[in-house]
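Residue strings, one per chain:
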Amino acid sequence: MLVRTGHIIRFSCSIVVALFLAMTVVSCGEDEDHIVPLQMNYSAGYLSSCLDGNGWKYVEAHEVNADGSFEKQDWDEIYGGTPDQYMFDGDTLVTYSSLDEYPLKGYSKKVYYFNEETNQLMSGSDELFRVLTVSENTLRLIKYNGISGDGKKTYLYAVYRRMSSEELSRYRNEYKYDITKLNDNYPALPEKSRVMADDFTELATGTAWEFVEAHEVMWSKRYKKERFSSPEINKYNILHISADSISFSQPADSLNRYAVSENMKYGYRPNSSAVVSDGNVVFYVYSISENNMQIVMDLPQSKSNYSTKTLFCKYRKN
């Protein structure tokens, strides 16, 4: 295992001994016998000459054992998920990550420095990873992986190769969301309340609901912080709900008179809090109170744009 001393992570004695013995079997940088390569010493200048301005693409990673060996099977084959990729830009490490639960492709940036005594890549007092070997084409490293089921820290031995300029350009273009600002720019949708049929009838019907604001839903779990603006949303300015029908209306003239834009019979499904018409969901009720209602609905776009946007909308009693 790896042990922490202050802010410095070092191999435990058992791994040091195991790696020393392994020298008779494998030369430095070779890992055919599943032994973690010996750590080479580098200057910060040499490290920068290899890494700076380049992208580094994941090749493989393996969980490290206490004796200095590593598991044969790739870590990502066992646990799934999409490994991180790296790019070095001056004193900044850019990490390209795929958040598979959304899914979302994004990046994060951290200012780093290289500790020449320990080969640690540090951001403040946090270790990002520790360099084992590096050249202009290959990067081998050790990084913290998490806590095992029995409460022990686990580490990965990972191998990266230098990206081509085309690969790096693709990552820069596709991984465009700043993960560190995700909560600020794309707040999480509120947890959907289960609204029973009687509660919906009591709170929603017999009144008019006035549109307040809308936000575009992203990755089904979050929404854009800035308000959604489009002439199409005007059709949903006022929502009328009766016991068996729903109508949307929009301003018709400067005298604040309204014209009905949609009218339909509906049914309510409490298991999904869905308002349904002709078998299609009109909107989902996320929350409702005496004066406010939050819904999620699809907004078909104009004839020139055939895509459909999903909106998180807020209404209040008129």
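Residues numbered from 1 in each chain as written. Predicted model: local features only at pLDDT ≥ 70, side-chain atom pairs only at ≥ 80, totals over all residues. Heavy atoms only, no water.

*Asks:* When you look at the pairing of strand β21 (residues 292-300) in this model, what are you seeing that I'm missing?
*Replies:* Side-chain direction in a regular strand flips from residue to residue, so the side chains alternate between the two faces of the sheet. With four bridges joining them, strand β20 (residues 280-288) and β21 adopt antiparallel strand pairing. When the bridges of β21 are listed, V285 appears paired with I295. The hairpin formed by β20 and β21 contains three residues between the paired strands. Note that β21 and strand β22 (residues 308-317) share nine bridges and pair antiparallel. Bridge pairing in β22 places M297 opposite L311. (Pairing = 2+ DSSP bridges. Helix = DSSP H or I, 4+ residues; strand = E, 2+ residues; numbered from the N terminus.)

*Asks:* Please explain the pairing of strand β5 (residues 92-99) as it appears in this structure.
*Replies:* With eight of its eight residues buried, β5 lies for the most part within the structure. Here β5 shows no split at all, with T92, V94, Y96 and S98 on one side and L93, T95, S97 and L99 on the other all buried. Across five bridges, the pairing between strand β4 (residues 85-89) and β5 is antiparallel. When the sheet's bridge partners are listed, M87 is paired in β5 with V94. Hairpin remark: β4 followed by β5, antiparallel, with two residues in the connecting loop; positive phi at G90, about 65°. Inspection of the sheet shows β5 paired to strand β6 (residues 104-111) by eight bridges, in the antiparallel sense. Its bridge partner lying in β6, V94 is registered against K109. With antiparallel pairing between neighbouring strands as the criterion, β5 and β6 make up a hairpin whose turn holds four residues. (Buried < 20%, exposed > 50% of the residue type's maximum accessible area, 1.4 Å probe, protein only.)

*Asks:* Looking at this model, I keep getting lost on the environment of S289. Mind explaining?
*Replies:* Here S289 shows up in the loop between β20 and β21. By relative accessible area, S289 is classed as partly exposed at 30%. In this structure, the C-alpha to C-alpha distance between S289 and F200, residues 89 residues apart in sequence, is 9.3 Å. If near-sequence neighbours (up to four positions away) are discounted, S289 is found in contact with L203 and W209. (Contact = heavy atoms within 4.5 Å.)

*Asks:* Sorry, what's going on with the packing of aromatic side chains here?
*Replies:* In total, this model carries 19 aromatic pairs according to the counting rule given. Aromatic pair Y86 and F129: ring centres 5.5 Å apart, planes at 40°, arrangement tilted. Taken together, the positions of Y86 in strand β4 and F129 in strand β9 (residues 126-134) put the pair 43 residues apart, joining distant regions of the chain. Note on accessibility: Y86 and F129 belong to one class, buried. Each ring, one from F211 and one from Y315, has its centre 5.8 Å from the other, and the planes form 75°; the classification is edge-to-face. Here Y315 lies in strand β22 and F211 lies in strand β13 (residues 207-218), a separation of 104 residues in the sequence. Exposure remark for F211: the relative accessible area of 15% places this residue in the buried category. (Phe/Tyr/Trp six-rings, centres within 6.5 Å; stacked < 30°, edge-to-face > 60°.)

Fair warning: the whole summary comes from geometry, so function is off the table for now.
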